[in-house]
Amino acid sequence: MTDKRSIAVKVNGQTYEREVDTRMTLVDFLRHELDLTGTHVGCEHGVCGACTVLVNGESVRSCLMLAVQANEQSIQTVEGLAVNGELNILQQCFQDHHSLQCGFCTSGMLMTLTEFLRDHPNPTQQEVQEVLSGNLCRCTGYLPIMSAAMDAAQKMREAQS
Amino acid sequence: MKPAAFKYHDPSRLSDVVDLLSTLENTRLLAGGQTLMPMMNFRYLMPDHLIDLNKVSELDFIQIEGGYMNIGAMTRQRTLEFSDEVAEHCPIMLQALHYVGHRQTRNRGTIGGSLCHFDPSAELVNMTALLDGTLQISSKNGSREVSMDEFNQGFLTTQVAEQEILSRVRLTLPHVRDGFGFVEFARRHGDFAIVACSCLMRLDALGQIESIKIAVSGLGAAPVRPSNVEKNLMGQLPSKSALIQAAHDVSQIESVSDAYVTASYRQHLARIMTYRALCQAAKSAQEKSNDR
């Protein structure tokens, strides 16, 4: 039994039309159908946060969403963050603070923080800690990621004013 | 792992959902997917038909009606978290919501999904028990209302039969003078709580307890409302000794052991969580009394 549907999904501003198995998860759609392999598959049960993407601006686990559910929705992935091929403020802060070692969790961290810093431009350390609790990192011990988030928040505020 | 193949349905009206439920076999209803999708990814569950509720917009609402708050089963936890109605009329729920999973899961997770999964320590299950929730269950044959006691059929099991759907939750709103407290213990923020306790407390002009509700999660398969403890507190001043005694009484409730947590540890936590929730509630009740 193969149940298929045609879907049209806007990813990083570009619309893709594909026919997919209804059981295909969104993360597999992004990676296998669109070759957008920046979004990583970790635990596949919503614990690790590596597959976090933005759906209509909200962070979600793309391993817990079906590709068919993304039909006619707007998705942003880590590939959509850079501006004209240059790292954006948050990405640059990750590099400056050595916020990654193996890099597996990084795309999920970036997407979570992209939503969070947009909604909370002036966060406390505690708030950053809380939002990052939804993303696991086994290398850094989180401190460099926290510093990057706080630094990025400040730089983004400066860029706004 | 990936989900086994299924036939996907995405109706946009509740009447279509109950029609599908009455004709199809081995179906599952997909709400936010934050529990069902992992279970399907692991192939614990292999439904033949998956009925996606995300287009059924009539199940997504928050409505204040008299002393009640009606919430559609497909209302997302995020919507509740950022709702002005919830913040104004039911601040304890806001406090509880901060413990529900993570921001990324609250963005998708729904109140109906959480209730139907019926995890013993789920915060929204606890809230529904505390706020004397009634649950509207719909099918092709119409709707029925059940209380939380009837809804609870044991560990991860509810009244909702195969051809039915939970459509609405009706919660009794706290009184404006109700102080509130919600605490839980989990190994990490966002993990399932081992024990959680919520409390609403109202004081009369003399500072004595005129109304009290307590709900403790994590002791057994469903949250417990310790009615004898609530009754004993009525008419008392919320003194340290009275609250310690109440917390002690809660820790006497029978509990269950599992591979990770022993019953006696759960009872130990129940005493501490209850005491803290009662203290929070008493403090905020006193502040509200002073405002009068």
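Rules of the game
- Residues numbered from 1 in each chain as written.
- Chains lettered and ligands numbered in written order.
- Predicted model: local features only at pLDDT ≥ 70, side-chain atom pairs only at ≥ 80, totals over all residues.
- Contact = placed C-beta atoms within 7 Å.
- Helix = DSSP H or I, 4+ residues; strand = E, 2+ residues; numbered from the N terminus.
- Nonpolar A, V, L, I, M, F, W, Y, C, P; charged D, E, K, R; others polar.
- Domains from an automatic or database assignment.
- Axes fitted to C-alpha atoms, helices over the stretch in contact; angles between N-to-C directions.
- Parallel < 35°, antiparallel > 145°, perpendicular 65-115°, else oblique.
- Left-handed = near helix turned anticlockwise from the far one by under 90°.
- Buried ≥ 20, exposed ≤ 12 C-beta atoms within 10 Å, placed from the backbone.
- Pairing = 2+ DSSP bridges.

J.: Break down the interface of chain B and chain A for me, citing the residues and quoting the values.
T.: Each side of the interface is counted separately: chain B has 24 residues, and chain A has 26 residues. Elements that contribute at least two residues to the side of chain B that touches chain A include exactly strand 1 (7-9), helix 2 (36-41) and helix 6 (103-106) of chain B. Split into classes, the residues belonging to the side of chain B that touches chain A amount to eight nonpolar, 10 polar and six charged.

J.: Describe in detail the domain arrangement of chain B, supporting the description with residues and values.
T.: Taken domain by domain, chain B holds domain 1 (7-52) and domain 2 (179-291). Look at where the C-alpha atoms of domain 1 of chain B and domain 2 of chain B centre, and you get two points 37 Å apart.

J.: Break down the packing of helix 3 (residues 106-119) of chain A against helix 5 (residues 143-160) of chain A for me, citing the residues and quoting the values.
T.: Residues and elements named next belong to chain A. Relative to each other, helix 3 and helix 5 sit at 40 degrees, their axes nearing to 11 Å. One way to sum up the angle between helix 3 and helix 5 is to call them oblique. Note on packing geometry: the crossing formed by helix 3 with helix 5 is right-handed. Judged by residue contacts, M109, L113 and L117 of helix 3 engage I145, A149, A152, A153 and M156 from helix 5. Counted by class, the contact of helix 3 with helix 5 contains eight nonpolar, no polar and no charged residues.

J.: I'd like a rundown of helix 8 (residues 123-130) of chain B, residues and numbers included.
T.: An α-helix turns once per 3.6 residues; consequently, residues spaced three or four apart project the same way. All names here are of chain B. For helix 8, the buried fraction is high: eight of the eight residues fall into the buried class. If you check which residues of helix 8 are buried, you get E123, L124, V125, N126, M127, T128, A129 and L130. At its buried positions, helix 8 is contacted by helix 5 (91-97), helix 7 (111-117), helix 9 (148-151), strand 8 (165-172), strand 10 (195-203) and strand 11 (209-217). In the segment just after helix 8, D132 is the residue with positive phi, at about 45 degrees.

J.: Lay out the domain arrangement of chain A in plain terms, naming residues and giving numbers.
T.: Residues and elements named next belong to chain A. When its domains are assigned, chain A resolves into domain 1 (4-78) and domain 2 (89-160). Its C-alpha centre places domain 1 at a distance of 22 Å from the equivalent point of domain 2. Taken together, the contact pairs 14 residues of domain 1 with 12 residues of domain 2. Only strand 3 (52-55) and strand 4 (58-61) provide two or more residues apiece to the side of domain 1 that touches domain 2. Its residues assigned to classes, the side of domain 1 that touches domain 2 shows six nonpolar, seven polar and one charged.

J.: Summarise the sheet that holds strand 9 (residues 179-185) of chain B; cite the residues concerned and give the values.
T.: Residue and element names in this part refer to chain B. An order of 9-10-11 is seen for the three strands of this open sheet, with the pairing classed as antiparallel. Edge positions in the sheet fall to strand 9 and strand 11, since each of these pairs with one other strand and no more. Ignoring which end each strand starts from, the neighbouring axes of this sheet average 10 degrees apart. Sitting on the sheet, helix 12 (residues 263-291) is in contact with strand 9, strand 10 and strand 11, with an inclination near 155 degrees to strand 9.

J.: I'd like a rundown of the sheet that holds strand 4 of chain A, residues and numbers included.
T.: Residue and element names in this part refer to chain A. Taken in spatial order, the five strands make up an open sheet running 2-1-5-3-4, and their pairing is mixed. Bordering the open sheet on either side are strand 2 (14-21) and strand 4, each of which pairs with just one other strand. Taking each pair of neighbouring strands and ignoring which way they run, the sheet shows an average axis angle of 40 degrees. Two strands pair when backbone bridges link them, and strand 3 and strand 4 are joined in this way by four bridges, in the antiparallel orientation. What sits directly across from V55, in strand 4, is E58. Against the sheet, helix 3 contacts strand 3 and strand 4, and its axis sits at roughly 35 degrees relative to strand 3.

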